[in-house]
Amino acid sequence: MLTFKALNPGIYVYHCAFTPPWHHIAQGMYGAILVEPKGGLPKVDREFYVMQSDWYTIGANGDKGHQMFSEAKAAAEQPEYFTFNGRTDALAKLYPLKANVGEKIRLFFGVGGPNIGSNFHIIGEIFDKVWSGSPDTFVSNEETWYVPPGSVSAFELTLQEPGQYLLVDHAIYRVSKGAAGALIVSGAWNNDVYSPEAAGASH
Ligand SMILES: [Cu+2]
């Protein structure tokens, strides 16, 4: 058994350090750990955890069947796939994030890597607050925020309109390799904010 005192409030990456750690990290052996300040973080309506990864297979993107790991592609930093939460379709199709118009959302977005940081962005939204490190120090009104490998940042936002919002790495060709997810927001359309109503907006 192991015990430790979490002394520094923030949101962090943990990962396996077994030799060689880069190989274990490349297999997805990491996660996010939240250390709340005394008394906890301010309450929000929804919290989500998303982690981006880059994957190196001997086969090309889209090849079927079991894919062996390519040490050469990993060393060259040429991934075949990017994923949010472990699969290219995890948030895009299988488990989209869901919220309602007007809710306060806190989204923790991290990068396990092993190699490639993310330029995190939600298409159609400005983040109210972004913080890396202490929750006491934050930036307001950001649209894209760099999250390096081995780090997690927190994104606080409220959606004013219903619809399907796309989470992406804004190094945008990575979307074609899987760096995409969906946030589906339900509620009434507000013509005051955006008009006319977007086609396909959900109610
Ligand atoms: Cu490991």
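Residues numbered from 1 in each chain as written. Predicted model: local features only at pLDDT ≥ 70, side-chain atom pairs only at ≥ 80, totals over all residues. Heavy atoms only, no water.

A. Main features of unusual backbone geometry. With an omega dihedral of -10 degrees, the bond running from Thr-19 to Pro-20 counts as a cis peptide bond. The step from Ser-195 to Pro-196 runs through a cis peptide bond, and the omega angle for that step is 0 degrees. The topology assignment puts Pro-196 in the segment after strand E13 (180–186). Despite not being glycine, Asn-85 has its phi angle at roughly 55 degrees, a positive value. Within the secondary structure layout, Asn-85 lies in the loop between strand E4 (81–84) and helix H3 (90–94). With relative accessibility at 37%, the residue Asn-85 sits in the partly exposed group. For Asn-141, which is not glycine, the phi torsion reads 60 degrees and is therefore positive. Looking at where Asn-141 falls in the secondary structure, it is placed in strand E9 (residues 139–142). (Helix = DSSP H or I, 4+ residues; strand = E, 2+ residues; numbered from the N terminus. Buried < 20%, exposed > 50% of the residue type's maximum accessible area, 1.4 Å probe, protein only.)

B. Representation of the coordination of the copper ion within the structure. Taken together, the protein ligands of the copper ion are Cys-16 (SG), His-24 (ND1) and Met-29 (SD), with distances of 2.0 to 2.1 Å. Sequence spacing among the residues donating to the copper ion works out to C-x7-H-x4-M. Placement of the pair is Cys-16 in the loop between strand E1 (10–15) and helix H1 (21–26) and Met-29 in the loop between H1 and strand E2 (30–35), with a sequence separation of 13 residues. (Donors = N, O, S within 2.8 Å, 3.2 Å for Na, K, Ca; no water.)

C. The sheet that holds strand E6 (residues 105–113), seen in detail. The strand order across the open sheet formed by six strands is E4-E3-E6-E11-E8-E9, and the pairing between neighbours is mixed. In this open sheet, the two strands that pair with only one neighbour each are E4 and E9. With strand direction ignored, the average angle separating the axes of adjacent strands in the sheet is 25 degrees. The pairing of strand E8 (residues 127–131) with strand E11 (residues 151–157) spans three bridges and is classified as antiparallel. (Pairing = 2+ DSSP bridges. Axes fitted to C-alpha atoms, helices over the stretch in contact; angles between N-to-C directions.)

D. Representation of the sheet that holds strand E12 (residues 163–169) in the model. Read across the open sheet, the five strands follow the order E5-E13-E12-E7-E10; overall the sheet is mixed. Two strands lie at the open edges of the sheet, namely strand E5 (97–100) and strand E10 (144–147), each paired on one side alone. Looking at each pair of strands side by side, their axes are set apart by 25 degrees on average, direction ignored. Inspection of the sheet shows E5 paired to E13 by four bridges, in the parallel sense. Looking across to E13, one finds that Asn-100 is bridged to Ser-186.

E. The environment of Asp-63, seen in detail. Position of Asp-63 among the secondary structure elements: in the loop between strand E3 (46–55) and helix H2 (71–76). Separated by 26 residues in sequence, Asp-63 and Pro-37 have C-alpha atoms that sit 45 Å apart. A distance of 3.0 Å separates the side chain of Asp-63 from the backbone nitrogen of Ala-60, its partner in a polar contact. (Polar contact = N/O pair within 3.5 Å; in protein donor to acceptor, adjacent residues only side chain to side chain.)

F. Looking closely at the environment of Gly-10. Its location among the elements puts Gly-10 in strand E1. Relative accessible area serves as the criterion here: at 0%, Gly-10 is assigned to the buried category. The spacing of Gly-10 and Ser-132 is 122 residues in sequence and 7.5 Å in space, taken between C-alpha atoms. Non-local contacts of Gly-10, meaning those with residues more than four positions away in its chain, are made with Ile-33, Leu-34, Val-35, Trp-131, Gly-133 and Pro-135. (Contact = heavy atoms within 4.5 Å.)

G. Representation of the pattern of salt bridges. Evaluation of the coordinates by the stated rule reveals six salt bridges. Between Arg-174 and Asp-169 there is a salt bridge, with its nearest N and O atoms 2.8 Å apart. Judged by relative accessible area, Arg-174 falls into the partly exposed class, the value being 21%. In this structure Asp-169 comes out as buried when scored by relative accessible area, which is 0%. Taken together, the shared-partner salt bridges connect Glu-47, Arg-106 and Glu-156 into one network. (Salt bridge = Lys/Arg side-chain N within 4 Å of Asp/Glu carboxyl O.)

Without other data, these values stay purely geometric and don't point to any function.
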